[in-house]
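# A closer look at the structure
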Amino acid sequence: MTRNIFLCVIGVVLGFVLGFFIANAGWVARPATSGSAPATAGPLDPQQQTGQLPPGHPSVGNANDRSGGAASSPQVQDAMDAADRNPRDFEAQMTAAATFYQAEAYDRAVVYLERALKLKPTDTDTLTAMGDTKYDLGDYAEAARFYERSLQQKPDDINVQTDLGNTYFQRQPPDYDRAITEYRKALAINPYHEKTLQNLAAAAARKGDKATARDALDRLTAVNPSNPAIASLRSSLEQ
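Our subject in this report is the structure included herewith. Residue numbers here run from 1 along each chain, matching the order of that chain's written sequence. For a predicted model such as this one, the threshold for reporting local features is a pLDDT of at least 70, and the threshold for listing and counting side-chain atom pairs is 80 or more; totals across whole chains, interfaces and linings nevertheless cover every residue. For side-chain calculations, the full set of non-hydrogen atoms in the structure is used, while hydrogens and water are omitted.

The pairing test for Phe, Tyr and Trp rings, Trp by its six-membered ring, is centres within 6.5 Å, and the orientation test on the planes gives stacked under 30 degrees, edge-to-face over 60, and tilted for anything in between. Tallied over the full model, the rule gives 4 aromatic pairs. Ring geometry for Phe100 versus Tyr112: centroids 5.8 Å apart, planes at 15°, classification stacked. Residue Phe100 is located in helix 4 (residues 90–102), and its partner Tyr112 is located in helix 5 (residues 106–119); the two are separated by 12 residues in the primary sequence. Here Phe100 matches Tyr112 in class, with each residue buried. Judged by centre distance (5.3 Å) and plane angle (70°), the ring pair of Phe169 and Tyr176 falls under edge-to-face. We count a stretch as a helix when DSSP gives it H or I for four or more residues in a row; a strand needs E for two or more, and each element gets its number in order from the N terminus. The rule is simple: take the accessible area with a 1.4 Å probe, protein chains only, and divide by the maximum for that residue type; under 20% is buried, over 50% is exposed, in between is partly exposed.

Rendered as structure tokens:
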């Protein structure tokens, strides 16, 4: 079977499973490590289905929000007011950013993350949160830039390293080679990281690199034989 035919088959078979392992990085999925706002996003979550935040005083109820009425809730308004009254308060900016993020008002979350970064330009949690937000906005190039800045401060963060790889997988056109390179960097930190192995297998399969995909799948199976992506990926490689 030619490589082109193989890639077409993979595209069909993998289309429905890519939501599992190349969904967006979710800022609120990771525990907060400092401050009052969740600051980093976890690796790809099978339940997350969106593609891919956080400075002004934005008006509430903008028609561009994906969050419906959530962005105009009293909780959001209170967090926004507190941050606007105290623009030098780092924690208040992060709380407002996290509140807007959870309401999926990503553009507004960016406003407060930018303020927070002016106060603490090298804070890893804030840099990662901005990367996650840009990712959720679909701005993968900007997301990568903030993830890279975060990794300069904390190079052993495997979740951020994996998310950096995801930004290359998600681009149009995708850069599978670069994604694979970043996933391998993550696996150098922890060779048993399940989500990284899963994403490496997916990227290699999309690229048509059966050897790399099979190796990643074998390692993934050893880590978690119940991973729901394994069967679909193996099936695609048998085409």
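Turning our eyes to something else, we now look at the pattern of salt bridges. The term salt bridge refers to a side-chain nitrogen of Lys or Arg lying within 4 Å of a carboxyl oxygen of Asp or Glu. Going through the model one piece at a time under the given rule, you end up with 8 salt bridges. Between Asp215 and Arg219 there is a salt bridge, and its shortest N-O distance comes to 3.3 Å. With Asp215 and Arg219 both in helix 11 (residues 210–223) and 4 residues apart, this pair spans about one turn of that helix. On the basis of relative accessible area, Asp215 is assigned to the partly exposed category, the value being 40%. Accessibility expressed as a relative area gives 29% for Arg219, which makes it partly exposed. One network of salt bridges, in which partners are shared, links Glu148, Arg178, Glu182 and Lys185.

What follows deals with the packing of helix 6 (residues 124–136) against helix 8 (residues 158–170). Helix-helix packing: each pair is described by the crossing angle between the helix axes and the interaxial distance. All axes here are fitted lines through C-alpha atoms, helices being fitted over the stretch that makes contact, and every angle between N-to-C directions spans 0 to 180 degrees. Taken N-terminus to C-terminus, the directions of helix 6 and helix 8 make an angle of 25°; their axes are 11 Å apart at the nearest point. For the element pair helix 6 / helix 8, the angle class is roughly parallel. As for the relative orientation of helix 6 and helix 8, their crossing is left-handed in sense. Contacts between helix 6 and helix 8 involve Thr128, Asp132 and Tyr135 on the former and, on the latter, Val160, Asp163, Asn166, Thr167 and Gln170. The residue inventory of the contact of helix 6 with helix 8, partitioned by class, reads 2 nonpolar, 4 polar and 2 charged. Working rule for angles: under 35 degrees goes down as roughly parallel, over 145 as roughly antiparallel, 65 to 115 as roughly perpendicular, anything else as oblique. Two helices crossing with the near one rotated counterclockwise from the far one by less than a right angle form a left-handed crossing, whereas a clockwise rotation gives a right-handed crossing. Only heavy atoms enter the contact rule, under which two residues are in contact if any of them lie within 4.5 Å. The nonpolar class holds Ala, Val, Leu, Ile, Met, Phe, Trp, Tyr, Cys and Pro. Asp, Glu, Lys and Arg form the charged class, and all remaining residues, Gly among them, are polar.

Here the focus is the packing of helix 5 against helix 6. The geometry of helix 5 relative to helix 6 is characterised by a closest axis approach of 10 Å and an angle of 160° between their N-to-C directions. If you check the angle between helix 5 and helix 6, you find them roughly antiparallel. Note on packing geometry: the crossing formed by helix 5 with helix 6 is left-handed. Facing Tyr106, Ala109, Val110, Leu113, Glu114, Ala116 and Leu117 of helix 5, the residues of helix 6 in contact are Thr126, Leu127, Ala129, Met130, Thr133, Lys134 and Asp136. Partitioning the contact of helix 5 with helix 6 into residue classes produces 9 nonpolar, 2 polar and 3 charged.

On to the environment of Asn224, then. Along the polypeptide, Asn224 turns up in the loop between helix 11 and helix 12 (230–237). Those residues in contact with Asn224, other than ones at most four positions away along the chain, are Glu194 and Ile230. A distance of 2.8 Å separates polar atoms of two side chains, one belonging to Asn224 and the other to Glu194. N or O atoms closer than or at 3.5 Å make up a polar contact, with two conditions inside protein: a donor-capable atom paired with an acceptor-capable one, and, for residues adjacent in sequence, both atoms drawn from side chains.

Function cannot be inferred from these measures alone, as they are strictly geometric.
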